[in-house]
Structures are given as C-alpha cells and as structure tokens.
Amino acid sequence: MLAYVFRRLVQSALILLGVSFITFLLLYVLPADPVRQIAGRSATPETVENIRRQLGLDQPFIVQYGRYLAGLFHGDMGRSYLQKTEVAALIMARLPATLLLMLGAIVAELAIGLSLGVLAAVRRGGALDQSLMIASFVAVSAPQFVVGLLLLYVFAVKLGWFPIGGYGHLSNLVLPAMTLGIMGSGWYSRMMRSSMIDVLRSDYIRTARAKGLGRARVLALHAMPNAILPIIAMIGIDIGIFMSGIVVVESVFGWPGIGQLAWQAIQRVDIPIIMGVTLVSACAIVLGNLLADLVTPFIDPRIKLR
Amino acid sequence: MSLMNTLLATSALAVSLSFASLAAAQDYTPDPNAKPGGNIVITYKDDVATLDPAIGYDWQNWSMIKSIFDGLMDYVPGTTELRPGLAESYEISPDGKTYTFHLRKGVKFHNGREMTAEDVKYSLDRVTTPATQSPGAGFFGSIAGYDAMADGSATSLSGVTVLDPATVKIELSRPDATFLHVMALNFSSVVPKEEVEKWGADFGKHPVGTGAFKLSDWTIGQKLLLTKNADYWRAGLPYLDSVTFEVGQEPIVALLRLQKGEVDIPGDGIPPAKFTEVMNNPDEKKQVVVGGQLQTGYITLNVEMKPFDNVEVRRAINMAINKDRIVQMINGRATPATQPLPPSMPGYTKEYAGYAFDPAKAKAMLAEAGYPDGFQTQLYVMNTDPNPRIAQAIQQDLAAIGVKAEIKALAQANVIEAGGTPKTAPMIWSGGMAWIADFPDPSNFYGPILGCAGAVEGGWNWSWYCNKDLDAEAAKADSIVDPAKQGERLALWSDVYMKIMQDAPWVPVFNENRYTMKSARMGGSDDLYVDPVSIPVNYDYVYVTE
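Because the structure is a prediction, the values reported are computed rather than measured. (Residues numbered from 1 in each chain as written. Chains lettered and ligands numbered in written order. Predicted model: local features only at pLDDT ≥ 70, side-chain atom pairs only at ≥ 80, totals over all residues. Heavy atoms only, no water.)

J.: Quick one: what's the story with the overall build of chain B, residue by residue and with numbers?
T.: Each helix and strand in chain B was counted, giving 18 helices and 22 strands. In terms of overall size, chain B behaves like a compact globule, its C-alpha atoms giving a radius of gyration of 24 Å where 546 residues would be expected to give roughly 24 Å. Each of the three principal axes of chain B carries a C-alpha extent, and together these read 70 × 60 × 55 Å. For chain B, buried positions account for 60% of its 546 residues. Partitioning the contacts of chain B with sequence separation of at least 6, the portion at a separation of at least 24 is 70%. Of the roughly 20400 Å² of accessible surface on chain B, 53% is carried by carbon and sulfur atoms. (Helix = DSSP H or I, 4+ residues; strand = E, 2+ residues; numbered from the N terminus. Rg over C-alpha atoms; globule rule 2.2 N^0.38 Å. Buried < 20%, exposed > 50% of the residue type's maximum accessible area, 1.4 Å probe, protein only. Contact = heavy atoms within 4.5 Å. Areas by Shrake-Rupley, 256 points an atom, 1.4 Å probe, with all protein chains shown as cover.)

What follows is the structure, encoded as structure tokens:
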C-alpha cells in the first residue's frame, strides 16, 4: 500500500512537470506578445524592449522555462505581469471560494443524483423512470453557461429566492453549486439507478423482504448503503470535471474563484497567472484521481492496489 | 498714464515675460443642490489590475486612480478644458521650453505628510525610470534628460529642478504644446516616496495619494472600497462618503441588480443584448446619460501591401463602406465618422463631409486603378461581439465592388500582434481595440497611430502609413505653445488630418457614443456621467439624493 502511494506520488509529480512544460510551451508559441499588453499602446519601442528584458522574455524558451521551474521549486510562482502582485497571493485569495463552490457542487450533485437514481430504480421501466432518465440525459449535455443563466433568471430575477450573483452568504452559493452540480447529478442518477437495480436483485434483499421488513426500511438501510459505495469512489474524479466547469460558472455568477482569475488572465495574456492556475488545477485533478484510487479498496475489498 | 494704458502695458509685459498664468475663471461651479454623504456601488466584470498611477492604463482603473491621486494639472469636470491641480499657477517661458509650477500649500498625502516639490520630482523620475515599467513613460519624452533616463544612464531627470519646496521648474528639450495635458495624465500623479518604497511592487495594491478618496479596503476578486479624504484640498469635496467597486460581475447581472436597486452604475455599461430593451423603456431611458467620447472606430489599409499601396484603391474602399448600416447594426450607438478625429476633439474639421458612400463610383475607381475584377484580401478583426458582425457587413460592402475579403477573427492580443508585424494584416477593423484619446488634444490621434513613429514593428500604426511631410507639419503644430495662437495650431492639425484623408490610409467608420446608466438616486449634472476623462463618471463631484 505505502509503496503504491509512493509510486503514484512520483507519477503525479512527473505528470505535473509535463503539464507545466506543455502549458509553458503553448504560451510561448502563442502569437500574442505579453509585453505589448503590459506596455500598452502609447509605449515607445525602447519601453517595450526594456520591459521585455526585465521580465526575461528576451531569453530563449529553455532559459525562460528553467527560470520558471527554479522559482517553482522555491515556492515562487512569480508575479503577475499586469497586476505586479504575487501569483501565489492572488491564487490563495481566491482558492477558498473555488473549494467552497466545489464542495457545494458535490453536495448538490449527490443529493439530486442519488435520490433521483433511487426513485428511478424503484420505479424501473415506468413512466417516471423513463422521464427521469431523459432528464438526466439533458442535464449531462446542457451547456453550463445556459443552465447558469437560466437558473439565475428564474430563481434570482423572477422569483427572487436567491441573490443575483455575489459571494459571502450560503444563499449566494446555492445557484452556482446547482449549476455545477446538475451535470454531475445526471451522471450520478444513471449510475445510482443501475447500481440500485443490481443490489435490489441480490439475494440478501430478497431475504430481508422475506423476513418481513418494510419496503422503505429495506431500501434505506439494506440496499442504499451498498449501492452508494461504488459511486463515492467517483467523487475524486469529479474534481477534474469541476475544474473545467468553474471557469464558466464563476464568470456567470461573479464567484470570486480561480476560474474567474484564469479567464481574466487569458484575455490579458498574463502568463504567470495562467501558469499558476493551470498548475493548481492540475494538482487538484491528480490528487482527486489518486484519492479515488486509494478509497476504492476500502469500499470494495476485492480490489487491491499494487 | 490712463487706466487703459496701464492695463495694456501690464499685459504686454506679462506676455513678453511668460505666456500665461492660469486664471481662476477656468473652474467648475459645484452643484448647489449637492448633499454630502452616502455610498454608491459600481460594478465591473474584471478585476482591477492596479491602482499604481505609473502602471494603471485601462479605462477601468483610470478614473479610480484620478480620484485617489492628483497631478499638477487637471481638467474642469465634464469638459476637456485644463485647470490647475496641485499646481496653483504656472508660467511658460517665451520659447515654450521652461515651465515653472507653483504648488498649492498645505496639501497632504493620505498618510498625513505634506506634499512638496521634491515629491513632484520624485514622481516624474519614478515614472520615467525603466525599472518602473510604466506604459506611459514615452509621454515624458519632451522633458530634458528623458533619453538618459530611458537608456539607464541617469537616475533622475536633468530637466526637473526643485527651486523651493513649493516651486518646481521643468525644462523641455523641445517646445511641446501638449505638455500641460501630459501633466494632467495619471502617469504624472504625485506619489509619496516613503509609501512607494515601503510597498515596492505592491504599491498598486496600497496606493497613497493626495486625491479626494483613499483606498480603505481591497478584497481581491471581490471588491474595493474608496472612502472620502476628509482633508481633501478642494474644499467641500468629495460629496460621497464612499464608493464601493464590486468586481466579477457580468454586465447583464449588473443591469439586473441596478433594476433591483442594488447597483448605482454598471461600470461596463449597458450590455448590447439589453440595449434596445432599456432604451425603449421610458423609465429606464431616463436613467441613461448619452455623450460623445474621444474615440474613432476605423479600418486600416496596409499601405505596404498590394493593392493598398495604390492610393486610388484606398479611396475606392473608403467609398465602398456603408457606415450608416454599420451604425444601425450596433443599435445606433455611434455616429458615422468622416475623419480620424472624433467631433468633440479640438481640431475636428466640421465642414469636411468625408468620402461619400458610392459603390458604383468605387467600382469604377478600382477598375481605373487596374482591378476591374476586384482582388482578394484579408480583414482582421477581434473576435468578440459585435466586431465579427461588423466585419461581415464590411465584407459584404467590399464584395459589392468585387473585393473578396476573408475574415480573420482572432483574440485581441493576436490582432494587435498581426497589426504590428510588417506586411501581415492587409485590413484591420479596429473595434474593441480602437483608439481612445489619452488626452483631449488632436496630436494624440497622430503619432502612435498615423505617424512614422508608430509605423514600426510592434507599433499601433497598423496601416503603416508614414508621411515625413506630415510628421514635420505635426511637429510644427506642437511647437506652438502660446495659448493665444491655439487657433493657428488647431488649423495646422486640421490640415494634417485632411491630408491624411487625401491619402486614405484609414476608413474612419464611426465614433462611438457613451451610454452611462445610473440609478435614480444619483445626482449631479449629466456632464459628470459622460466626463471625457473620467470613465464612467467623475467620482469627486457626483452625489446621491437620498
């Protein structure tokens, strides 16, 4: 087990190194000059060259990348080109908001997905089951930008149940978390449904029913815990999916997380921020996957980590 | 000597000694109904990048920096007229090369220390030193000793001398009629050395100036709070107790919140998709202030690339574009343009009608120039709405005279890159990157975007038009410093732009209007909400009525 974890951590580090290299390379070959963004439109050619030299952007790729890595190993992610603030400070200021949003999204997708999945499994083949499964299909494929605006319009503008965007209260969290979670809930309802159907067919459920336990009791205490286990292991993987969703959702709802930071930095070619956010999200994805793999043997003892 | 004679003699003496000292008449009468107190909420989509006046150079932080800092010069609110700022008065030497500024006494920085001439010198040294990486350093090119600062051989501008704690003398290497405007730019703001040194690169997050407001809180990614500077040197200002800037708010969300009374001004304006709806609603229309802005949207024709090296072709293109239709496409939020300068800019030529829209004649001119069947070309455009739609309209207009233009819709940074690379972009629609004046003077529309200085790799003269004669005429105009001869100077500038239209390196398409939406409780004259210098609004002078 320990050897496995160690091996996976080394792998993860290599993956992150690869991610940093590829991102840096892509940003390097990008036909957009960050110095122009910093220097602005009134800058003289000397000003432009002076800024390029000071930022080390006149150096060859390998030198620039080497310097970046060296900084990274000392815990220095550099300073934003345009804001001049340390990237680490910018990310740390926004990371809690993103983590909170993800937590909210996980709660939302589990709550919606699992309950609908159970409902569909119990009513297997019926009209409810079929309409739920169609709905889940729509949920999985709906663009988050549209879902977000729709929720915002209906529940915040028309009904006034929630604030229109913003941050700070639990009521601010509901809509963005739902937007992010709805896609996952479509997934989870389908998985929960098939998982439940398998469990409901098994012998021990029949035994429980045969010994006279009520239907609800059997569902809640005997079937569901076993059906949920394989699904819990998927949450780690969700983190990766969320990372791609936060850019859109945070922009729509004005959620002050790292997705919004990345979006603004991309528009301004602020390379240190783009690199920083990419690496932090890559870390989250790698760790999420690792966590998912580590949790699995506890849930299903038949699986062994080697 | 009669009284009349005395007056004449004194003024003659004054003119011979110096051009002008500012009269107090050029100022602003605050609204007598203004009530002090209250907080307003302004929203933006993007984070505020920095509040360092040497660095900040976008329209979002420009007005914020203006309210936190002051320079020697300033503008009368809501106008393009200069007025003294931290300088109480000034003198210009007859040769136009020496400016002596007399500072106001008793002006304090937000940290309580009194501002002196040493701070003025320090601030100008700081903005021009290469280590500061100021995008505005080039504006100070006319100060003696600038070149030595730029190449790193000096650490202080030799042209700036502190005569006494309340007087600073600035010597120029050439007469520069725009110099007082430069002194009114944010880049010329006076900053306290001790605070800059204390915060280093983070000064932009901890700004300390002499302005009407001070920064009291900044939660990154969420909001900024500016509070009233109770010791502000302009008596009775500002009216508001505080201004809250909330960032990360989509324009559409900001509009919804304004309708619910949670926001006072959406800083990014009315979202295009909602524009017609707002303007058709009589109640909401009342909350919108319309004004001009010092902006021109244009198509550049790269004179170094065939067939735009032929002036007849460029003129034909100018006659092929249906500007009225393009203005309609953006819901009439602009006025068709005839020339590079916007109508509210001094030096604008009113009687010039521009190239008439005449596709038949344009086609005939193309044929005469040797392109009876038109030609193929490329039109670069920024990829955010409405620019690709405008590009399509241009494409159709060009197709009508046989020119097949392929649209290249790219991110802003990529279009800018292509524009500044030799022989790359034959045509560029400037939307989203269009020139907005740094200061209200005709010279600001020339050098970087139409002069030889901008026609270099990495420059902003995307038509690569370089006319040495016009450069000389422009230099001549800018050497006329005498305020009494401003008419002559503007006539020269008008002539420069008329000659540019003859050579037709641009198709001027439209001048965008500004639409500032405000909550019903906001007070102050409409001019303040379409202030040409402070966008969206001059925070120092507006107030709330409840």
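J.: Account for the confidence of the model for chain A, naming residues and giving values.
T.: Regions with low pLDDT carry predicted coordinates that are not meant to be interpreted in detail. For chain A, mean pLDDT is 86; residues scoring 70 or higher make up 99% of the total. Highest mean pLDDT in chain A belongs to helix H4 (residues 61-73) of chain A (93); lowest belongs to helix H10 (residues 215-232) of chain A (79). (pLDDT = per-residue confidence, 0-100.)

J.: Give a detailed account of the domain arrangement of chain A, specifying residues and quantitative values.
T.: Residue and element names in this part refer to chain A. By the assigned domains, chain A splits into domain 1 (2-73) and domain 2 (87-299). Each of domain 1 and domain 2 was reduced to a C-alpha centroid, and the two centroids are 33 Å apart. Listed per partner, the contact involves 18 residues of domain 1 and 16 residues of domain 2. Summing both sides of the interface, domain 1 and domain 2 together bury roughly 1500 Å²; the carbon and sulfur share of this comes to 82%. It is Arg-8, Leu-16 and Leu-27 in domain 1 that bury the most area against domain 2; as a group they hold 33% of the surface buried on that side. Remark: the boundary between domain 1 and domain 2 carries 1 salt bridge. Ionic pairing is found between Asp-293 and Arg-8, a salt bridge with its closest N-O pair at 2.5 Å. Here domain 1 and domain 2 share 1 residue pair in polar contact (both at pLDDT 80 or more) between them. Those elements giving two or more residues to the side of domain 1 that touches domain 2 turn out to be helix H1 (2-29), helix H2 (34-39) and H4. With 12 residues, H1 is the single largest residue contributor to the side of domain 1 that touches domain 2. Looking at side-chain class alone, the side of domain 1 that touches domain 2 contains 13 nonpolar, 4 polar and 1 charged residues. (Domains from an automatic or database assignment. Buried area = accessible area lost by both parts, 1.4 Å probe. Salt bridge = Lys/Arg side-chain N within 4 Å of Asp/Glu carboxyl O. Polar contact = N/O pair within 3.5 Å; in protein donor to acceptor, adjacent residues only side chain to side chain. Nonpolar A, V, L, I, M, F, W, Y, C, P; charged D, E, K, R; others polar.)

J.: An account of the packing of aromatic side chains is needed here, citing residue identities and associated values.
T.: Residues and elements named next belong to chain B. The final tally for this structure, using the stated rule, is 31 aromatic pairs over all chains. Arranged with centres 5.1 Å apart and planes meeting at 70 degrees, the rings of Tyr-57 and Phe-187 form a pair that is edge-to-face. With a gap of 130 residues between them, Tyr-57 in the loop between strand S1 (39-43) and helix H2 (59-68) and Phe-187 in the loop between helix H5 (179-182) and helix H6 (193-199) connect regions that are remote in the sequence. Each member of the pair, Tyr-57 as well as Phe-187, is classed as buried. (Phe/Tyr/Trp six-rings, centres within 6.5 Å; stacked < 30°, edge-to-face > 60°.)

J.: Explain the packing of H1 of chain A against helix H13 (residues 271-299) of chain A to me, using residue names and the numbers behind them.
T.: All names here are of chain A. Taken N-terminus to C-terminus, the directions of H1 and H13 make an angle of 155 degrees; their axes are 10 Å apart at the nearest point. Taken together, the axis directions place H1 and H13 in an arrangement best described as roughly antiparallel. Handedness of the H1/H13 crossing: right-handed. When H1 is examined against H13, the residues Tyr-4, Val-5, Arg-8, Leu-9, Ser-12, Ile-15, Leu-16, Val-19, Ser-20, Thr-23, Phe-24 and Leu-27 are found in contact with a partner set consisting of Ile-271, Ile-274, Met-275, Thr-278, Leu-279, Ala-282, Cys-283, Val-286, Asn-289, Leu-290, Asp-293 and Leu-294. Classifying every residue of the contact of H1 with H13 by side-chain character gives 17 nonpolar, 5 polar and 2 charged. (Axes fitted to C-alpha atoms, helices over the stretch in contact; angles between N-to-C directions. Parallel < 35°, antiparallel > 145°, perpendicular 65-115°, else oblique. Left-handed = near helix turned anticlockwise from the far one by under 90°.)

J.: So what's going on with the environment of Arg-36 of chain A? Residues and values would help.
T.: Mapped onto the fold, Arg-36 of chain A is located in helix H2. Given the relative accessible area of 11%, Arg-36 of chain A is considered buried. Remark: the alpha-carbon pair of Arg-36 of chain A and Val-48 of chain A, spanning 12 residues in sequence, is separated by 7.0 Å. Arg-36 of chain A has contacts with Ile-416, Glu-417, Gly-420, Glu-457 and Gly-458 of chain B, leaving out every residue within four places of it along the chain. Among the polar contacts made by the side chain of Arg-36 of chain A, one reaches the main-chain carbonyl oxygen of Gly-458 of chain B at a distance of 3.3 Å.

J.: Account for the sheet that holds strand S8 (residues 213-219) of chain B, naming residues and giving values.
T.: All names here are of chain B. Pairing is mixed across the open sheet formed by 5 strands, whose spatial order is S8-S9-S10-S1-S11. The two strands at the open ends of the sheet, each matched to only one other strand, are S8 and strand S11 (265-266). Examined bridge by bridge, S1 and S11 share 2 bridges and lie parallel to one another. Looking across to S11, one finds that Ile-42 is bridged to Ile-265. (Pairing = 2+ DSSP bridges.)

J.: Summarise the interface of chain B and chain A; cite the residues concerned and give the values.
T.: The accessible area lost on association of the parts is a frequent measure of interface size. Facing 45 residues of chain B, the contacting portion of chain A comprises 40 residues. Roughly 3700 Å² is buried in total at the junction of chain B and chain A, and carbon and sulfur atoms are behind 49% of that figure. With a shortest N-O distance of 2.8 Å, Arg-94 of chain A and Asp-47 of chain B are connected by a salt bridge. Inspection of the chain B/chain A interface yields 15 residue pairs in polar contact (both at pLDDT 80 or more). Sorting the residues of the side of chain B that touches chain A by element identifies helix H7 (251-259), helix H14 (412-419) and strand S18 (435-436) of chain B as the ones contributing at least two each. Per-element accounting of the side of chain B that touches chain A gives the leading share, 5 residues, to H14 of chain B. A breakdown of the residues in the side of chain B that touches chain A according to their chemical character gives 22 nonpolar, 12 polar and 11 charged.

J.: I'd like to hear about the sheet that holds strand S5 (residues 98-103) of chain B, residue by residue, with values.
T.: All names here are of chain B. If you walk across this open sheet you meet the 4 strands as S4-S5-S7-S6, and the pairing is antiparallel. Strand pairing shows two members of the sheet lacking a second neighbour, strand S4 (87-92) and strand S6 (160-164), which therefore form its edges. On average, each strand axis in the sheet is inclined to that of its neighbour by 20 degrees, with strand direction left out of account. Here 4 bridges tie S6 to strand S7 (residues 167-171), and the two strands are oriented antiparallel to one another. Each residue of the ladder has a partner; that of Val-162, found in S7, is Val-168. Sitting on the sheet, helix H3 (residues 117-128) touches S5, S6 and S7, and the angle it makes with S6 is about 175 degrees.

J.: Which residues make up the nonpolar core, and what values go with them?
T.: Counting 163 residues, the largest nonpolar core has Phe-101, Phe-140 and Met-183 of chain B as the members making the most contacts within it. The element that contributes the greatest number of residues to this core is helix H5 (residues 87-122) of chain A, accounting for 13 residues. Three or more residues apiece are contributed to this core by two domains, here domain 1 (2-73) and domain 2 (87-299) of chain A. Apart from the residues within four sequence positions on either side, Phe-101 of chain B is in contact with Leu-72, Met-73, Ala-87, Ser-89, Tyr-90, Ala-166, Thr-167, Val-168, Ile-170, Phe-179, Leu-180 and Met-183 of chain B. Membership of the second largest hydrophobic core comes to 35 residues, among which are Ile-299, Leu-366, Ile-394 and Val-507 of chain B. (Core = buried A, V, L, I, M, F, W, Y, C linked by side-chain atoms within 4.5 Å.)

J.: Tell me about the confidence of the model for chain B, and name the residues and values.
T.: Residues and elements named next belong to chain B. Across chain B, the average pLDDT comes to 90, with 95% of residues at 70 or higher. Within the model, the stretch residues 1-25 combines pLDDT values under 50 with 22 contacts to residues more than four positions away or in other chains. Interface confidence in the predicted complex, given as ipTM, is 0.79; pTM for the same model is 0.85.

J.: Before we move on, could you go through the UniProt feature "domain: ABC transmembrane type-1" (unreviewed entry) in chain A and cite the residues and values that matter?
T.: With numbering matched to this structure, UniProt assigns "domain: ABC transmembrane type-1" (unreviewed entry) to residues 95-296 of chain A. Across residues 95-296 of chain A, helical content stands at 85% and strand content at 0%; the span's end C-alpha atoms are separated by 27 Å. (UniProt positions renumbered as here; feature names shortened; annotations may be inferred.)

J.: Please provide a residue-by-residue account of the state of the cysteines, values included.
T.: Residue and element names in this part refer to chain B. Going through the model one piece at a time under the given rule, you end up with 1 disulfide over all chains. The side chain of Cys-452 participates in a disulfide bridge whose partner is Cys-466; the two sulfur atoms lie 2.0 Å from each other. Between Cys-452 and Cys-466, the S-S torsion sits near 95 degrees, and that sign places the bridge as right-handed. Of this pair, Cys-452 sits in the loop between helix H15 (447-450) and helix H16 (468-478) while Cys-466 sits in the loop between H15 and H16; the two residues are 14 residues apart in sequence, bridging distant segments of the chain. Judged by relative accessible area, which is 14%, Cys-452 ranks as buried. Residue classification places Cys-466 among the partly exposed positions, given a relative accessible area of 39%. (Disulfide = S-S within 2.5 Å.)

J.: Could you give me a rundown of the packing of helix H10 (residues 311-320) of chain B against helix H12 (residues 359-368) of chain B, with the residues and numbers involved?
T.: Residue and element names in this part refer to chain B. Between H10 and H12, the least distance of the axes is 8 Å, while the angle of their chain directions is 165 degrees. In terms of their interaxial angle, H10 and H12 are classed as roughly antiparallel. Helix-helix and strand crossings are classified by hand; for H10 and H12 the assignment is left-handed. Along its contact with H10, which presents Glu-312, Val-313, Arg-315, Ala-316, Met-319 and Ala-320, the element H12 presents Pro-359, Lys-361, Ala-362, Met-365 and Leu-366. Classifying every residue of the contact of H10 with H12 gives 8 nonpolar, no polar and 3 charged.

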